[in-house]
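# Structural description and commentary
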Amino acid sequence: MRFLRLLPYIFLLSILSCKKEDKQIAENTAATTGSPFYVAFNKLDKKYIKQKQTSVSHYYGKIWPKDDLSGGFLVAKNGEIIFEHYGGYSNRKDKSAITADTPIHLASVSKVLTAALVLKLIDGKQLDLDQKVNTILPEFPYETITIKMLLNHRSGLPNYAYFSDDRAIWDRSMLHNQDILNLLAEHKFNLYFQPDKKFGYCNTNYAILALVIEKVTEMNYREAMKKMIFEPLGMKNTFVFDYEKDKTKVSLSYKGNGVLYDFDFLDDVYGDKNIYSTPRDLLKFDLATYSKSFLDPKLYKQVFQGYSYEHKGEKNYGLGIRMHEWETGEKLFYHNGWWHGNTSSYVTLKSDTVTMIALSNKFSYKPYKIWKMSPMFGKYPIKEDKDDLPE
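This text gives an overview of the structure that appears in the document.

Parameters and conventions
- Residues numbered from 1 in each chain as written.
- Predicted model: local features only at pLDDT ≥ 70, side-chain atom pairs only at ≥ 80, totals over all residues.
- Heavy atoms only, no water.
- Helix = DSSP H or I, 4+ residues; strand = E, 2+ residues; numbered from the N terminus.
- Buried < 20%, exposed > 50% of the residue type's maximum accessible area, 1.4 Å probe, protein only.
- Contact = heavy atoms within 4.5 Å.
- Areas by Shrake-Rupley, 256 points an atom, 1.4 Å probe, with all protein chains shown as cover.
- Axes fitted to C-alpha atoms, helices over the stretch in contact; angles between N-to-C directions.
- Parallel < 35°, antiparallel > 145°, perpendicular 65-115°, else oblique.
- Nonpolar A, V, L, I, M, F, W, Y, C, P; charged D, E, K, R; others polar.
- Lys, Arg positive; Asp, Glu negative; His and termini not counted.
- Salt bridge = Lys/Arg side-chain N within 4 Å of Asp/Glu carboxyl O.
- Polar contact = N/O pair within 3.5 Å; in protein donor to acceptor, adjacent residues only side chain to side chain.
- Phe/Tyr/Trp six-rings, centres within 6.5 Å; stacked < 30°, edge-to-face > 60°.
- Lys NZ or Arg CZ within 6 Å of the ring centre and 35° of its normal.
- Pairing = 2+ DSSP bridges.
- Core = buried A, V, L, I, M, F, W, Y, C linked by side-chain atoms within 4.5 Å.

Here we come to the overall build of the protein. Within the protein, the secondary structure is distributed over 12 helices and 12 strands. The buried share of the protein, reckoned over its 391 residues, is 55%. Pairs at least 24 apart in sequence give 68% of the contacts found in the protein among residues at least 6 apart. On the protein, roughly 18100 Å² of surface is accessible, and the fraction owed to carbon and sulfur atoms is 52%.

The next point concerns the packing of helix H4 (residues 110–123) against helix H9 (residues 221–230). Where H4 contacts H9, the two axes come as close as 10 Å, and the packing angle between them is 75°. On the basis of the axis angle, H4 is roughly perpendicular to H9. Where H4 abuts H9, its residues Leu113, Thr114, Ala116, Leu117, Lys120 and Leu121 lie against Tyr221, Ala224, Met225, Met228, Ile229 and Phe230. Along the lines of polarity and charge, the residues of the contact of H4 with H9 split into 10 nonpolar, 1 polar and 1 charged.

Attention shifts here to the side chain of Lys111. Along the chain, the position of Lys111 falls in helix H4. The side chain of Lys111 sits in the buried core without any salt bridge; Asp272 is the nearest counter-charge, 5.0 Å away. In terms of polar contacts, Lys111 uses its side chain to reach the side chain of Tyr201, at 2.9 Å. In this structure Lys111 touches His153, Tyr201, Asn203, Tyr206, Gly271, Asp272, Tyr317 and His335, once residues within four positions along its chain are discounted.

Our focus in this paragraph is the pattern of salt bridges. For the structure shown, the criterion picks out 15 salt bridges. Asp130 is the salt-bridge partner of Lys148, the closest N and O atoms lying 3.5 Å from each other. Highlighted residues: Lys148 in helix H5 (residues 147–151) and Asp130 in the loop between H4 and H5, separated in sequence by 18 residues. Here Lys331 makes a salt bridge to Glu325, at a shortest N to O gap of 3.6 Å.

Our focus in this paragraph is the packing of aromatic side chains. Taken as a whole and judged by the stated rule, the model has 26 aromatic pairs. Relative to Tyr290, the ring of Phe41 lies with its centre 5.5 Å away and its plane at 90°, an arrangement referred to as edge-to-face. In this pair, Phe41 sits in the loop between helix H2 (20–30) and helix H3 (46–63) while Tyr290 sits in the loop between helix H11 (279–288) and helix H12 (297–303), placing the two residues 249 residues apart along the sequence. In this structure Tyr290 comes out as buried when scored by relative accessible area, which is 19%. When the ring of Phe239 is compared with that of Tyr276, the centres are 5.3 Å apart and the planes differ by 5°; the resulting orientation is stacked. Within this pair, whereas Phe239 is found in strand E6 (residues 239–240), its partner Tyr276 is found in strand E7 (residues 275–277), the two being separated by 37 residues in sequence. Across the ring face of Phe294, the terminal group of Lys120 is positioned such that the distance to the ring centre comes to 4.8 Å. One residue, Lys350, lies across the ring of Tyr290, its end atom 4.2 Å from the ring centre.

Another aspect to go through is the sheet that holds strand E11 (residues 342–349). Here 7 strands make up an open sheet; going across it, the order is E2-E1-E12-E11-E10-E9-E8 and the pairing antiparallel. On the outer flanks of this sheet lie strand E2 (80–87) and strand E8 (315–317), each paired with one strand and no other. Neighbouring strand axes in the sheet, compared pairwise and without regard to direction, differ in orientation by 15° on average. Strand direction decides the pairing type here: strand E1 (residues 71–77) and E2, joined by 7 bridges, are antiparallel. Bridging across to E2, Leu74 finds its partner in Glu84.

A few words on the environment of Pro195. Its location among the elements puts Pro195 in the loop between helix H7 (177–187) and helix H8 (203–217). With 50 residues separating them in the primary sequence, Pro195 and Ile145 have C-alpha atoms 6.2 Å apart. Setting aside anything within four residues of it in sequence, one finds Pro195 in contact with Thr144, Ile145, Met149, Arg154 and Ser155.

Core analysis: the largest hydrophobic core is formed by 83 residues, its most contacted members being Phe140, Ile147, Leu151 and Ile208. If you tally residues by element for this core, the top one is H4, at 9 residues. With sequence-adjacent residues up to four places away left out, Ile147 is seen in contact with Val118, Ile122, Leu127, Asp128, Leu129, Gln131, Val133, Ile136, Leu209 and Val212. One finds Leu44, Tyr60, Met376 and Ile382 within the second-largest nonpolar core, a separate group that totals 26 residues.

With that out of the way, let us pick up the pairing of E1. The buried fraction of E1 amounts to 7 of the 7 residues, a majority that puts the element mostly inside the structure. The alternating pattern of E1 places Gly71, Phe73, Val75 and Lys77 and Gly72, Leu74 and Ala76 on opposite faces, both of which are buried. The turn linking E1 back onto E2 is made up of 2 residues, and Asn78 within it adopts a positive phi angle of 55°. Two strands pair when backbone bridges link them, and E1 and strand E12 (residues 354–360) are joined in this way by 7 bridges, in the antiparallel orientation. The residue bridging Leu74 from the neighbouring strand is Ile357, located in E12.

Okay, the sheet that holds E7 next. One open sheet holds the 3 strands; their spatial order is E5-E7-E6, and the pairing between them is antiparallel. Both edges of this open sheet fall to strand E5 (104–105) and E6, since each of them pairs with a single strand only. Of the strand pairs in this sheet, E6 and E7 are connected by 2 bridges, and their pairing is antiparallel. Considered in E7, the bridge of Phe239 is made with Tyr276.

None of the figures reported here should be taken as evidence of function without further support.
Structure below.
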């Protein structure tokens, strides 16, 4: 009976051995010395890699016991990929398989990348963290809201998905970022709370940040992200979705029962969502964040600190990143996403140089569980279910 219980994990380990060559390619593409933001980490010991591969593959088997992941899953330490796996279809109708090169909708993990470009502009003195939004977008009607308040979700702005759903306000034709700004200027909707008084997660913040990027760079958001983030980092399979150009080409998303999610009138808004990427490309981004040439260390420090302490608790939000802060001093940084059938999770353990990524195009809460692997790599006071621990 014990042998039968171990079959899923034996199967996963066989995948690892069969894809040894493929994994080596992944390691080479994850951290290349040609990158302007390359950081030389210590080489991992082979015994360490084997041990962690066993632990992570066991955990993968607990999350996806039927090996039914529809997406990509990757765990890396010091830029070296310890484990990765891909499965399912990007398009169930034509049976297009998801591979390491298949871009999947990141949903709100897109915010991490949007924030990165805003921070690059701040680092380049083209923008100021405490600058008022209406000094950049004159029609923006809320005088005290700053760039920082958009980044850390302390603006109090109403959610565009709610006010645009009112047919008296919007006719449900395709909504764009400029439309959101125009509606805010026209209707001057009441704020949910006084700016900077508390935390309130809101997609509108990042839709407006995308317009800030366009105004400052004098480029479309899609082009700015490509030129300033994706291309410099070698993120070759990452792009911002364009509804008219990409709707028939991209990985589609599905409900848990496999039924296709249709596009809707919110599918051309970017900044808060609509970036497609792969686990390997997100690893390249994560590695760049360790480089002093990517962001000034003083600004970097401000990114990974909490800004909302109105209520006691371990959860907080930095500048484009969620976090757990424990009284014992440990910190865990992450961002999750959910849009239509796409669910995503990006976890970065800065003190242990570990990256964990799960992307799925079939609705599931399972990607959100990967953060519980953190105790495999460091002292994180996370309560594990017995079934989550390796035997």
